[in-house]
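# Architecture and fold: a report
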Amino acid sequence: MTVAGSLRVVEAGARVYRRTWRGSVISTFLNPILYLLAMGVGLGELVDEGTGGASLDIPYLTFLAPGLLAAAAMQTGAGDAAYPVMAGIKWRKTYEATLATPVSVSELLMGHLGWVTVRLTFVATVFSLIMVLFDATTITEGLAAIPPAVLTGIAFAAMVTAYTANLKDELGIASMFRFAIIPLFLFSGTFFPIEQLPDYLEPLAYITPLWHGVQLCRGFALGTDFTVHPLVSIAYLVALAVLGALLAIRILRKRLIS
Amino acid sequence: MTDSLVSARGLTKHFDELVAVDGIDFDVAEGEAFGFLGPNGAGKSSTMKMIGAVSPLTAGTLEVLGMDPATDGTKIRARLGVVPQDDNLDQELSVYENLLIYGRYFGLSKKVIDERAAELLDFAQLEDRRDSPVEPLSGGMKRRLTIARGLINTPDLLLLDEPTTGLDPQARHLLWDRLYRLKQQGVTLIITTHYMDEAEQLCDRLVIMDKGKIAAEGAPRDLIERYSTREVLELRFPVGTQDVNAERLDGIAKKTEVLPDRVLLYTDDADDAHNRVLAAGFEPESTVSRRSTLEDVFLRLTGRTLVD
Ligand SMILES: Nc1ncnc2c1ncn2[C@@H]1O[C@H](COP(=O)(O)OP(=O)(O)O)[C@@H](O)[C@H]1O
Ligand SMILES: [Mg+2]
């Protein structure tokens, strides 16, 4: 595997994106604004005036925003690793085309993740800047929350790529969003501290990757204490990313170099 | 070391229990157009993928451009052009961008790619489509673009897996013309096809492949001479009477083949055979006399037709 080979795949991703960016760019800007307005400002006022204000210590918007940042990174990472990967393998067979050139499976996979990383950086940066505009964080802390958000997205992208590479058809993608991504979105400390969960569910939340992403983003964006040491969360997400990438390479090789 | 570009000995490919390629031997020399002619499922694509260094061998040896695909896959692929059986162009990109991305995979600079893209689009008769998206192109145009893409790295060897399958006759002839030009330029071609006319038109030498094995090898005319007669008389009889007639026809020609819809008489002189058929009192509904083709060779070797 060479870096040059992977970079050519990143470049191809960028060229395809130049054709297809319109839909995704709108949601990149609009989603944070809509979520922060509806949940942060709208719902937030109720929370702050009720008992939430006392138990959170900080305005709900401030609490929520970094959680949403991590969740947006998860959505982007998982999304870019689902249908586009299925298209590459099966619908458009662009992976087959790429692998007929000197590019190897590992270069293809690393290039794919590399391009997703570029996308994640863009999405997380836009999100952080919008958080700053909403006064949910300062500019320096907002910038500090970008790397953990990107890391969260990469971990999901790697795992979801491995998952998708194993699928026969796209039904499995819809189930993954329904049974994994959306529950994670709702119960990983994005909208409320997981201490609010029933005691028996709480430990479960601690092992979800999104919770680690959320606690990192929140800690960095707000400069507040971490629930567990940030290095633990970073190591966990890095481990998932590496594991996902290795699995994805294995599965793609088996499937495409048959 | 042989001086052939591709050399296979006992080349074998299994998919679990299924034997797709069953110990085949062949050599492809530089500058020749070499064909694999065989019906669906013969193992042609499996063979092409092994040559293209994207499918590991189950057994046997394979040398491509003097290298071993198992260890030098990247180097081999750098010098190959591949036109797969199913188009795998990037539909989201323009014609030119498909060439650009592909060229970049080979590590070519944008400047070099731009020069070659201009030549290749001219060759593929797609100059005026340079910036249009791929999706709305006709099947023939997509095929020509795929060939242009396969030539972007000026390969030493171009692999074409069923280049004209699914195209209408006009598009096929246009494509044959392009491939013929490549041949004249000295590009080494390996072509798979289940069309005997394609094999006859394009291939200097070919192997007839069936059920993973090679049934015969040679130049198209040689194969026809070796395995068939010069001419063929095709007879159609009224529905229901073919079998009875066929039995009685035995002996009139050198060899008789009975197909579901017609009887073939193999002979060196079809007109003479026709006269003898009529003289013997047969009343076929229609007759066609023609020269032998690779289809007849295939029938002779396997007892089946190429396209069913
Ligand atoms: N990836 C694969 N997995 C399992 N079986 C395969 C695979 N590719 C081809 N085959 C089988 O191998 C046999 C030969 O196929 P193929 O090489 O595509 O033949 P051809 O190209 O001559 O039509 C067929 O029975 C086909 O179903
Ligand atoms: Mg085939």
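The rules behind these values
Residues numbered from 1 in each chain as written. Chains lettered and ligands numbered in written order. Predicted model: local features only at pLDDT ≥ 70, side-chain atom pairs only at ≥ 80, totals over all residues. Heavy atoms only, no water. Helix = DSSP H or I, 4+ residues; strand = E, 2+ residues; numbered from the N terminus. Buried < 20%, exposed > 50% of the residue type's maximum accessible area, 1.4 Å probe, protein only. Contact = heavy atoms within 4.5 Å. Areas by Shrake-Rupley, 256 points an atom, 1.4 Å probe, with all protein chains shown as cover. Lys, Arg positive; Asp, Glu negative; His and termini not counted. Charge placed at Lys NZ, Arg CZ, Asp CG, Glu CD. Domains from an automatic or database assignment. Pairing = 2+ DSSP bridges. Axes fitted to C-alpha atoms, helices over the stretch in contact; angles between N-to-C directions. Core = buried A, V, L, I, M, F, W, Y, C linked by side-chain atoms within 4.5 Å. Arc of directions from axis to C-beta. Salt bridge = Lys/Arg side-chain N within 4 Å of Asp/Glu carboxyl O. Polar contact = N/O pair within 3.5 Å; in protein donor to acceptor, adjacent residues only side chain to side chain. Donors = N, O, S within 2.8 Å, 3.2 Å for Na, K, Ca; no water. Near = heavy atom within 4 Å. Phe/Tyr/Trp six-rings, centres within 6.5 Å; stacked < 30°, edge-to-face > 60°. Lys NZ or Arg CZ within 6 Å of the ring centre and 35° of its normal. Parallel < 35°, antiparallel > 145°, perpendicular 65-115°, else oblique. Left-handed = near helix turned anticlockwise from the far one by under 90°. Nonpolar A, V, L, I, M, F, W, Y, C, P; charged D, E, K, R; others polar.

## Focus on the overall build of chain B
Along chain B, the regular secondary structure elements total eleven helices and 13 strands. Along the three orthogonal principal directions, the C-alpha set of chain B runs to about 75 × 45 × 35 Å. Split into buried and exposed, the 308 residues of chain B put 54% on the buried side. Long-range contacts, defined as pairs at least 24 residues apart, comprise 67% of the intrachain contacts of chain B with a sequence gap of at least 6. Only carbon and sulfur atoms are counted for the fraction: they give 47% of the accessible area of chain B, which is about 13,500 Å². Positive and negative side-chain charges in chain B, numbering 37 and 53 respectively, have mean positions lying 2 Å apart.

## A few points about the domain arrangement of chain B
Here chain B is described as being made up of domain 1 (4-219) and domain 2 (229-291). If you average the C-alpha positions of domain 1 of chain B and of domain 2 of chain B, the two centres end up 39 Å apart.

## Focus on the sheet that holds strand E9 (residues 213-218) of chain B
Residues and elements named next belong to chain B. Pairing is mixed in the open sheet, where six strands are placed in the order E5-E6-E7-E3-E8-E9. Two strands lie at the open edges of the sheet, namely strand E5 (80-83) and E9, each paired on one side alone. On average, each strand axis in the sheet is inclined to that of its neighbour by 15°, with strand direction left out of account. Pairing geometry for strand E8 (residues 205-210) and E9, over five bridges, is antiparallel. Along E9, the bridge assignment pairs Ile208 with Ala216. Where helix H1 (residues 44-51) meets the sheet, it contacts strand E3 (33-37), E5, strand E6 (157-161), strand E7 (188-193) and E8, and its direction lies at approximately 155° from that of E7. Packed on one face of the sheet, helix H6 (residues 169-184) meets E3, E6 and E7 and runs near 145° to E7.

## Observations concerning the nonpolar core
In terms of nonpolar packing, the biggest core is built from 144 residues, with Val6, Phe26, Val64, Ile147, Leu158, Leu182 and Ile190 of chain B touching the most fellow members. Considering each element in turn, this core owes the most residues, 13 residues, to helix H3 (residues 60-80) of chain A. Here Val64 of chain B is in contact with Leu5, Val6, Ile51, Pro69, Ile76, Leu80 and Leu157 of chain B, once residues within four sequence places are set aside.

## Looking at helix H9 (residues 242-249) of chain B
All names here are of chain B. Buried residues of H9: Gln242, Asn245, Ala246 and Leu249, and no others. End-on, the buried residues of H9 take up no more than an arc of 100°, which puts them together on one face. The exposed set on the far side of H9, more than 90 degrees from its buried face, consists of Asp243, Val244, Glu247 and Arg248.

## Looking at the sheet that holds strand E2 (residues 18-28) of chain B
All names here are of chain B. Spatial ordering of the open sheet is given by E2-E1-E4, a layout of three strands whose pairing is antiparallel. The sheet terminates laterally at E2 and strand E4 (59-64), the two strands that pair on one side only. Strand-to-strand twist in this sheet, taken as the mean axis angle between neighbours without regard to direction, amounts to 25°. Where strand E1 (residues 6-15) meets E4, five bridges bridge the pair, whose relative direction is antiparallel. By the bridge assignment, Arg9 is partnered in E4 with Thr61.

## Considerations on the side chain of Glu198 of chain B
All names here are of chain B. Along the polypeptide, Glu198 turns up in helix H7 (residues 196-202). For the buried Glu198, no salt bridge exists, and the shortest N-O distance to an oppositely charged side chain is 4.0 Å, to Arg172. Of the polar contacts made by the side chain of Glu198, one reaches the side chain of Trp176; its length is 2.8 Å. With sequence-adjacent residues up to four places away left out, Glu198 is seen in contact with Pro163, Thr164, Arg172, Trp176, Ile191, Thr192, Thr193 and Cys203.

## Some words on the coordination of the magnesium ion (ligand 2)
Residue and element names in this part refer to chain B. The protein atoms that coordinate the magnesium ion (ligand 2) are Ser45 (OG) and Gln85 (OE1), at distances of 2.0 to 2.1 Å. Here Ser45, found in helix H1, pairs with Gln85, found in the loop between E5 and helix H3 (95-105); they are 40 residues apart in sequence, far enough to count as distant. Its relative accessible area of 32% is what places Gln85 among the partly exposed residues.

## A short note on the site of ligand 1
As a structural note, the neighbourhood of ligand 1 is formed by Ser258 of chain A together with Phe15, Leu18, Ala20, Pro39, Asn40, Gly41, Ala42, Gly43, Lys44, Ser45 and Ser46 of chain B. Nearby residues place ligand 1 at the junction of chains A and B. For ligand 1, an oxygen atom lies 2.8 Å from a polar atom in the side chain of Ser45 of chain B. Here ligand 1 has 560 Å² of accessible area as a free molecule, and 63% of this is covered by the chains. For the shell around ligand 1, the secondary structure elements donating two or more residues are E2 and H1 of chain B. If one sorts the elements of the shell around ligand 1 by residue count, H1 of chain B sits on top with three residues.

## Quick word on the packing of aromatic side chains
Taken as a whole and assessed by the stated rule, the structure comprises 14 aromatic pairs over all chains. Judged by centre distance (6.3 Å) and plane angle (75°), the rings of Phe29 of chain A and Phe122 of chain A are edge-to-face. Taken together, the residues Phe29 of chain A in helix H1 (residues 3-49) and Phe122 of chain A in helix H6 (residues 105-133) connect sequence positions 93 residues apart. Here the aromatic residues Tyr35, Phe185 and Phe191 of chain A are joined through ring pairs into a cluster of three or more. Note that Arg178 of chain B overlies the ring of Phe123 of chain B, its terminal NZ or CZ placed 5.8 Å from the centroid.

## Section: the packing of helix H5 (residues 139-150) of chain B against H6 of chain B
Residue and element names in this part refer to chain B. Following both chains from N to C, one finds H5 and H6 inclined at 15°, their axes separated by 10 Å at the closest point. When the interaxial angle is binned, H5 and H6 end up roughly parallel. For H5 against H6, the interelement crossing comes out right-handed. From H5, Gly140, Arg143, Arg144 and Ile147 reach across to H6, where they touch Ala171, Leu174, Leu175, Arg178, Leu179 and Leu182. Of the residues contributing to the contact of H5 with H6, the split by class is six nonpolar, one polar and three charged.

## Some details on the side chain of Asn98 of chain B
Residues and elements named next belong to chain B. Counting through the fold element by element, Asn98 comes out in helix H3. Residue class for Asn98 comes out buried when judged on its relative accessible area of 4%. Ignoring anything within four residues of it in the chain, the contact list for Asn98 reads Leu89, Asp90, Leu93, Val134 and Arg149.

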